[in-house]
Amino acid sequence: MSTTTSTADSVPVEEQDRHDHPTDLKYVKIALILGVLTMLEVSTYFVEDASTTMLVITLFPMMIAKFLIVTAYFMHLKYDNPLFRRVFFFGLILAVVVFLIMLSTFEFWNGDFYRFLR
């Protein structure tokens, strides 16, 4: 069976898209990082005097970091076509914007706000 080669160089087309995957040790390190981030997220439940604003400020960066780590390494987007990274990044931005819009509706658009306008 013959392999197709590109005209730019003599590397087979099948091998041009290959890349080095992370080692097993790298996956263990990533799992430990994700575990620590999850532990920190769960520990915010036990903070008794935490305001909603403080929880959002604390949890949002951890949520975004976990999303980026999982998509970059476990979904191999770090090594994939940049278009796929853009699609997932757009999804992340859209999710954050929708969440902030919903959060603002509960915070600003309740009955107290309308009484303030009168």
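The rules behind these values
Residues numbered from 1 in each chain as written. Predicted model: local features only at pLDDT ≥ 70, side-chain atom pairs only at ≥ 80, totals over all residues. Heavy atoms only, no water. Axes fitted to C-alpha atoms, helices over the stretch in contact; angles between N-to-C directions. Helix = DSSP H or I, 4+ residues; strand = E, 2+ residues; numbered from the N terminus. Parallel < 35°, antiparallel > 145°, perpendicular 65-115°, else oblique. Left-handed = near helix turned anticlockwise from the far one by under 90°. Contact = heavy atoms within 4.5 Å. Nonpolar A, V, L, I, M, F, W, Y, C, P; charged D, E, K, R; others polar. Patch = residues over 30% accessible without salt bridge, like charges linked within 9 Å, V, L, I, M, F, W, Y side chains within 5 Å. Areas by Shrake-Rupley, 256 points an atom, 1.4 Å probe, with all protein chains shown as cover. Salt bridge = Lys/Arg side-chain N within 4 Å of Asp/Glu carboxyl O. Expected span 1.5 Å × (residues − 1). Bend = angle between axes of the 7 residues up to and from the residue. Buried < 20%, exposed > 50% of the residue type's maximum accessible area, 1.4 Å probe, protein only.

All right, on to the packing of helix α2 (residues 24–43) against helix α3 (residues 52–74) then. Packing of α2 against α3 leaves a shortest axis separation of 10 Å and a crossing angle of 160 degrees. By the angle between their axes, α2 is roughly antiparallel relative to α3. The handedness of the crossing between α2 and α3 is left-handed. Listed contacts from α3 to K26, Y27, I30, I33, L34, L37, T38, L40 and E41 of α2 are L59, M62, M63, A65, K66, I69, V70, Y73 and F74. Classifying every residue of the contact of α2 with α3 by side-chain character gives 14 nonpolar, 1 polar and 3 charged.

Attention shifts here to a nonpolar patch on the surface. Judged by side-chain polarity, L68, F89, I93, V97 and I101 come together as a nonpolar surface patch covering roughly 420 Å² of accessible area. Element by element, the count of residues in the nonpolar patch is highest for helix α4 (residues 82–108), at 4 residues.

It is worth spelling out α3 at this point. Within an α-helix, residues lying three or four positions from one another point in the same direction, as the helix has 3.6 residues per turn. Between its first and last C-alpha, α3 extends 31 Å over 23 residues, near the 33 Å set by a 1.5 Å rise per residue. Approximately 25 degrees is the largest bend angle found in α3, and it occurs at L59, with the proline P61 only one to four residues beyond. The complete set of buried residues in α3 reads V56, F60, M62, K66, I69, T71, A72 and Y73. One or two positions beyond α3, positive phi appears at H76, with a value near 60 degrees.

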